[in-house]
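Secondary and tertiary structure notes
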Amino acid sequence: MRRAATGTILLALFPLLLPSCKGEPACDAARLENAVYGFYLGESKTDVFARAKGRASWERLPDPRSGPRGEMYRFSAPLADVRGIDHARLTFLDGCLMEVIVYFRNTNVSTLNTLRRRLEEWYGMEATSPDGTIEMAYKTYWLKAPGMSVTLRRITKKPETELYIQFLHNELDERYSERKAAREAKMRGD
């Protein structure tokens, strides 16, 4: 009798123990063809987490002080076998992967230059950057790739330095920017 009651309770609680897909919007953005460190911009959140199971751990991050950009997660590793990665940060908008930021362990200038050359080779274009009079404590390079923008940045912070590549889905970023502008206009009373 006791086992039957325990089984009934577990069956009743089972749906509560599973991650909920209810209310999760279906991804309606274009999934980009080429993966970046094992992630496909525009891929559904459900698919990313299913592929990540057993390869990386993750945790939901709080919204930044500047306000929410979407759902942000810190992944312990990329989904491609690449050495030298510290972690990745993913942002989802409307159930779609909008942004991938890959942080590197080695943050020296030679790593920055190696990454810049690799990105230029991968995307077949020269990276652009501001001149040295504007950037002092950091260095930024930009590339326009098919369906996305790519930013490589090295920021000197005390006591450490960050080196990362940001991949941003153009369509989803535009959607986010339009919503942000509409919210700001509504707040101003326009």
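Quick caveat: nothing in here was measured; it's all calculated off a predicted structure.

Structural notes on the state of the cysteines
- Evaluation of the coordinates by the stated rule reveals one disulfide.
- Cys27 shares a disulfide with Cys96; S-S distance 2.2 Å. Given an S-S torsion of about 125°, the disulfide between Cys27 and Cys96 has right-handed geometry. Of this pair, Cys27 sits in the loop between helix H1 (2-17) and helix H2 (45-52) while Cys96 sits in strand S4 (residues 96-104); the two residues are 69 residues apart in sequence, bridging distant segments of the chain.
- By relative accessible area, which is 24% here, Cys27 ends up partly exposed.
- For Cys96, a relative accessible area of 0% corresponds to the buried category.

Quick look at the sheet that holds strand S7 (residues 161-169)
- Pairing in this open sheet of seven strands is antiparallel, and the strands run S1-S2-S3-S4-S7-S6-S5 from one edge to the other. Edge positions in the open sheet fall to strand S1 (58-60) and strand S5 (138-145), since each of these has one partner strand only. Here the average twist between neighbouring strands, direction ignored, is 20°.
- When strand S3 (residues 85-93) meets S4, the two strands line up antiparallel, connected through eight bridges. Bridging across to S4, His87 finds its partner in Tyr103.
- On the sheet, helix H3 (residues 109-123) packs against S4, S5, strand S6 (148-156) and S7 and is oriented at approximately 175° with respect to S6.
- Across the sheet, helix H4 (residues 170-188) touches S3, S4, S5, S6 and S7, and the angle it forms with S7 is around 90°.

Notes on H2
- Those residues of H2 that sit buried are Lys45, Val48, Phe49 and Ala52. Along the axis of H2, the buried positions cluster into a sector of 90°, meaning they face one direction only.
- For H2, the elements touching its buried residues are S1, strand S2 (71-75), S3 and S4.
- Phi turns positive, to about 85°, at Gly54, one or two residues after H2.

Examining H4
- Over its 19 residues, H4 extends 27 Å from the first C-alpha to the last, a length consistent with the 27 Å expected when each residue adds 1.5 Å.
- Residues of H4 that are buried include every one of Leu172, Arg175, Tyr176 and Ala185, and no others.
- Looking at the buried positions of H4, the neighbouring elements they touch are S3, S4 and S7.
- Immediately beyond the C-terminal end of H4, within one or two residues, lies Gly189, with a positive phi of roughly 85°.

With respect to the environment of Ser129
- In this fold, Ser129 is placed in the loop between H3 and S5.
- Within polar-contact distance, the side chain of Ser129 engages the side chain of Lys139 at 3.2 Å.

Structural notes on the side chain of Ser44
- Position of Ser44 among the secondary structure elements: in the loop between H1 and H2.
- A relative accessible area of 18% means that Ser44 is categorised as buried.
- A polar atom in the side chain of Ser44 sits 3.1 Å from the backbone nitrogen of Asp47.
- If near-sequence neighbours (up to four positions away) are discounted, Ser44 is found in contact with Cys27 and Gly95.

Concerning the pattern of salt bridges
- Across all of its chains, the model carries 13 salt bridges by this definition.
- Here Arg69 makes a salt bridge to Asp173, at a shortest N to O gap of 3.8 Å. Of this pair, Arg69 sits in the loop between S1 and S2 while Asp173 is found in helix H4, placing the two residues 104 residues apart along the sequence.
- Judged by its relative accessible area of 21%, Asp173 falls in the partly exposed class.
- When salt bridges that share partners are traced, they join Asp28, Asp94, Glu171, Arg175 and Arg179 into one network.

The rules we used
- Residues numbered from 1 in each chain as written.
- Predicted model: local features only at pLDDT ≥ 70, side-chain atom pairs only at ≥ 80, totals over all residues.
- Heavy atoms only, no water.
- Disulfide = S-S within 2.5 Å.
- Helix = DSSP H or I, 4+ residues; strand = E, 2+ residues; numbered from the N terminus.
- Buried < 20%, exposed > 50% of the residue type's maximum accessible area, 1.4 Å probe, protein only.
- Pairing = 2+ DSSP bridges.
- Axes fitted to C-alpha atoms, helices over the stretch in contact; angles between N-to-C directions.
- Contact = heavy atoms within 4.5 Å.
- Arc of directions from axis to C-beta.
- Expected span 1.5 Å × (residues − 1).
- Polar contact = N/O pair within 3.5 Å; in protein donor to acceptor, adjacent residues only side chain to side chain.
- Salt bridge = Lys/Arg side-chain N within 4 Å of Asp/Glu carboxyl O.

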